[in-house]
Amino acid sequence: MNINEAWIATEARLLHEADSMAELLVRIKPHISARLIDGQAWERLLERAEETPATMAAFPFGFEIPLQDPAPRADFGVSLVGNSRTAALYQERTRAGEASPSAAGLAWLLDETDREDSLLRRVIGRKMLLEYDIDPSPGNKQQDPGVFLYPVEGALAGDGRQVRELGAVHDALAHACGWSSIASERLQLERVYRMLEPDTLIKAVGAFPARERAIRIAATGFKTAPRVTAFLERVGWPGDGAAAGATVSFFEERSAFAYMGVHLDIDANGVGPSLGLSLFPNDNEWLKDIRHWIAIIDVIGERGYGLSEKLAELARWSTGSTTLFGRAGPFMLVRGIHHIKLAIREDRVEQAKGYVFFLMMCVQPKGGTAAKQTSRQLPEQAC
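All of these numbers come straight from a predicted model, not from anything done at the bench.

**Student:** Which parts of the structure should I look at to understand the nonpolar core?
**Tutor:** Buried together is how nonpolar side chains tend to be arranged in soluble globular proteins. Of all hydrophobic cores here, the largest spans 112 residues; its most connected members are L25, F61, F63, F76, F251 and L264. The greatest single-element share of this core, amounting to 8 residues, is contributed by helix α7 (residues 163-176). In contact with L264, other than residues within four places in its own chain, are V192, I215, R216, I217, F231, L232, V235, W237, V271, S274 and L275. Within the second largest apolar cluster, 7 residues are counted, among which are F357, L359, M361 and V363.

Okay, structure coming up:
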């Protein structure tokens, strides 16, 4: 069974397992740490998950956990993949006039990437990530999710030649968010892209329609502190590039990461003040073994970027796999850390966040599991 067949089989079984991601999350709550997500924040997260179909669990989903906040809370992320049962649901609701403007924008993206001759399809393939900001305060209006598109391998490599492709991604994202086209914003995005070196690339492009307008990119492939500092200087990041480089050095001295991602917000005026630095301990971004993450977690604790009790719980709980026996049959539940990100503003680390992923795969009869074929073939995720 190849990865597409495994996803089709898992979606089909999930149809009979739960009516929404919220119902499914309640079922797997024993495998989700109450020390990291619980109470009112958990209830509010379930409210958002009620909007998403259970079939989304056939693709990577997970939580963005703030490691400096003592409250047990997290934001929520799900994958939306074209040519899936989940995608068809978004598209059918839109055609029937039953979708919200946000969902209709997602359906439009799915329609565009369904076309094999589409430039957008050639650049980003057929997957995207939806990121839901979870406000734990009761009564506050929940906002539309952020949307992130993931270029296929090498489609936006740092050679400066794929400007047309980058422009197509920008325009599609703006349209899906309900924004008008701003030429100066696109030009600023292209300028930052041209500042990348050949062995780096843009791994994700996204936006939060409910926040102040900006295009967020994740540029990856940075392996040393000086290269991060030099890139920030070239693009004109308004913070302290030397201080950001010094932060990277703490991890570099411990050989804690294989490479890093640089996350920037770009608008019509240039690069914004927020900076994200993502740490990856291995070339494989889907790691189920906590041993890969110990060095990074240790440095975060030593530098005071995260609370010791939260870091300990992240290390104890966030990786591994188990078999679940559901209503529709057995599933393999896989969880791991996709990346850990430092949020930096000006010259200091404001927060560290752990991005924990989950995946459910149906266990096939006669001892075979979809998990055995797919665990090494997970799609890209997270910005």
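**Student:** Before we go on, may I ask you to explain the packing of aromatic side chains in this structure?
**Tutor:** In this description, a pair of aromatic rings is defined by centroid distance and the angle of the planes. Within this structure, the stated rule accounts for 9 aromatic pairs. Put simply, the rings of F61, F63, F76, Y132, W317 and F358 pair up and form one aromatic cluster. Over the ring of W42 we find K29; its NZ or CZ atom is 4.9 Å from the centre of that ring.

**Student:** Just checking my understanding: could you explain the packing of helix α9 (residues 225-235) against helix α10 (residues 241-252) for this structure?
**Tutor:** When two helices pack together, their arrangement is given by the angle between the helix axes and the distance between those axes. One way to put it is that α9 packs onto α10 with a least axis distance of 8 Å and a crossing angle of 160°. Here α9 lies roughly antiparallel to α10, going by the angle between them. Between α9 and α10 lies a crossing of right-handed hand. Here A225, P226, V228, T229 and L232 of α9 lie close against α10, whose contacting residues are G241, A242, A244, G245, V248, S249 and E252. In terms of residue class, the contact of α9 with α10 is built from 7 nonpolar, 4 polar and 1 charged.

About the criteria used
All residue numbers refer to positions counted from 1 along the written sequence of the respective chain. Local features in this predicted model are restricted to residues whose pLDDT is 70 or higher, and side-chain atom pairs enter the listing and the counts only when it is 80 or higher, whereas totals over whole chains, interfaces and linings include all residues. To get the side-chain values, all heavy atoms of the structure are used, and hydrogens and water are removed first. Nine residue types can take part in a nonpolar core, namely buried Ala, Val, Leu, Ile, Met, Phe, Trp, Tyr and Cys, and a core is a set of them joined through side-chain atoms within 4.5 Å. The rule is simple: take the accessible area with a 1.4 Å probe, protein chains only, and divide by the maximum for that residue type; under 20% is buried, over 50% is exposed, in between is partly exposed. Runs of H or I in DSSP of at least four residues are treated as helices and runs of E of at least two as strands, each being numbered from the N terminus. Throughout, a residue-residue contact means that at least one pair of heavy atoms, one from each residue, lies within 4.5 Å. Side-chain rings of Phe, Tyr and Trp, where Trp is taken by its six-membered ring, are said to pair if the distance between their centres is within 6.5 Å; with planes under 30 degrees apart they count as stacked, over 60 as edge-to-face, and otherwise as tilted. The criterion for a charge sitting over a ring is simple: Lys NZ or Arg CZ within 6 Å of the ring centre, and within 35 degrees of the ring normal. As a rule, the C-alpha atoms of each element are fitted with a line to give its axis, helices using only the stretch in contact, and angles between N-to-C directions run from 0 to 180 degrees. Here the word oblique covers every angle except those under 35 degrees (roughly parallel), over 145 (roughly antiparallel) and from 65 to 115 (roughly perpendicular). Two helices that cross are described as forming a left-handed crossing if the nearer one is turned anticlockwise from the farther one by less than a right angle, and a right-handed crossing if clockwise. Note on residue categories: nonpolar means Ala, Val, Leu, Ile, Met, Phe, Trp, Tyr, Cys or Pro, charged means Asp, Glu, Lys or Arg, and polar means any other residue, Gly included.

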